[in-house]
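# What the coordinates show
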Amino acid sequence: MSNIVAIVGRPNVGKSTLFNRLIQRREAIVDAVSGVTRDRHYGKTDWNGREFSLIDTGGYVVGSDDIFEQEIDKQVELAIDEADAILFVVDVETGVTGMDEDVAQLLRQTDKPVLVAVNKVDNGQREADAVEFYSLGLGEYYSISGINGSGTGELLDALVEVLPEKEEVEDVELPRFAVVGRPNAGKSSFINALIGEDRYIVTDIAGTTRDSNDTRYNRFGFEFNLVDTAGIRRKAKVKEDLEFYSVMRSVRAIEHSDVCLLLIDATRGFEGQDQNIFWLAERNRKGIVILVNKWDLVEKDTGTVKEFEKSIRKIIEPFTDVPVIFISALTKQRIFKAIETAVEVYQNRSKRISTSKLNEVMLPIIEQTPPPANKGKYIKIKFCTQLPTPMPQFAFFANLPQYIKDPYRRFVENKLREHFGFHGVPIDVFFRKK
Ligand code: GDP
Ligand code: GDP
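Keep in mind the model is a prediction, meaning the values are calculated, not measured.

For the protein chain, the assigned domains read domain 1 (3–162), domain 2 (176–350) and domain 3 (355–433). Each partner contributes residues to the interface: domain 2 has 13 residues there, and domain 3 has 10 residues. Residue assignment for the side of domain 2 that touches domain 3 shows that the elements contributing at least two residues are β12 (287–293) and α10 (335–349). A breakdown of the residues in the side of domain 2 that touches domain 3 according to their chemical character gives seven nonpolar, two polar and four charged.

Here's what the structure looks like:
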């Protein structure tokens, strides 16, 4: 479980430049397969062996040049609530502004670690100008240049130093299901429908860990932890239907889960905001179940379900092996099915295929359809094994792994899915030198 670090600050100070520099090594900004730009403001990285997630809060504001001050304050408050540490970026070119002072005032009230990054210190001369940021009352600052990278190493050293050590989650045995989706998708209603009566809540362990929103359920014959992003601890002050809020909330819930129940509103379809949450879960290698909620409101004829499902699968290509269930939190239609499916996906994600079985099934398939020769060289795959990771990952050992292209990787992935059943679970296939 990694920590979450939020980058805050007013527009144009260089938040996204810094974000890109810190993430660059690890994340493809534009997905080459579908050509779709997935959310560019969230990514994982590591420094000195400490992994953390980074959120560029500024990235979620449209037309950020004339952003209202109030809006920034809300983002900062949410960052304080949801993140484990905060990077406050300011700009040496403009010096301290009134807006910086407002943000600093909010940040002085939190116990969470706050690091001030004075950006655009591209040369030694500007170093001297940075001194004025002491006046923000947030202590030591770090002079950096997002553009040329200077100072960012020191900043990261300090950052990983202050990140809280995450204690491992209790109840590791129990499946952890996160109910995610944009505002008004019906998350609270779904959870309420699920709970029915309070007696199904085994323990309310909220409060045992600082930010835990977990509740343990024993329902329909299954015991599981529900990681909640709505309802139970909904904060009145943040109700706006803004993508930023739902993504920020989702990040934590998704990272703390095994399987994500992604609720979408059937009357609105599978929109950009839903897709961003889907890719967040996929990128974190979590199990996914798509729940098309409010199905009671949809005019149906014989083809409706098929068409709806098809339109979703088209969007989530190439990861289409995902359960899609049509539910109504209002009438409780298929909510049992939703949990049952989540349990199945959980089991798929924890599945272990023995090496002998894997080779017995996969080697003949590979022999029949080997990777295409490259520059006249034949590629041979001799052996494969599942890696001992929490999510399904497979290594295939070859003489020339570097010549195996993505289409073949997908072919192998599809065969694994076909033969072993990984419905709802992202899997990784690696080709390695034997
Ligand atoms: P954001 O609105 O806070 O995300 O800011 P951006 O990352 O979009 O940067 C705003 C502007 O500042 C852009 O024109 C960047 O090229 C510029 N900028 C960002 N970092 C630096 C830096 O380290 N030095 C200089 N000179 N310019 C920078
Ligand atoms: P959340 O923001 O995702 O927690 O969404 P809520 O649970 O607060 O639901 C938003 C609105 O949608 C409320 O007015 C609910 O009554 C309504 N709603 C939720 N689920 C359903 C459903 O299955 N059918 C219908 N007709 N309305 C629903």
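From this point, the narrative continues.
Looking along the chain, the bond that leaves E317 and enters P318 is cis, with omega of 5°. Within the secondary structure, P318 sits in the loop between α9 (304–315) and β13 (324–326). In this model, K120 sits at a positive phi of 70°, which is unusual for a non-glycine residue. K120 gets classed as buried once you count the C-beta atoms within 10 Å, which come to 22. Even without being a glycine, K294 presents a positive backbone phi close to 65°.

So, about the site of ligand 1. As a matter of local geometry, ligand 1 sits amid 16 residues, with G14, K15, S16, T17 and G146 nearest to it. When residues of the shell around ligand 1 are assigned to their parent elements, the largest contribution, three residues, is made by helix α1 (residues 15–23). Looking at the shell around ligand 1 residue by residue, the classes come out as three nonpolar, 10 polar and three charged.

Conventions adopted
Residues numbered from 1 in each chain as written. Chains lettered and ligands numbered in written order. Predicted model: local features only at pLDDT ≥ 70, side-chain atom pairs only at ≥ 80, totals over all residues. Domains from an automatic or database assignment. Contact = placed C-beta atoms within 7 Å. Helix = DSSP H or I, 4+ residues; strand = E, 2+ residues; numbered from the N terminus. Nonpolar A, V, L, I, M, F, W, Y, C, P; charged D, E, K, R; others polar. Buried ≥ 20, exposed ≤ 12 C-beta atoms within 10 Å, placed from the backbone. Near = placed C-beta within 6 Å.

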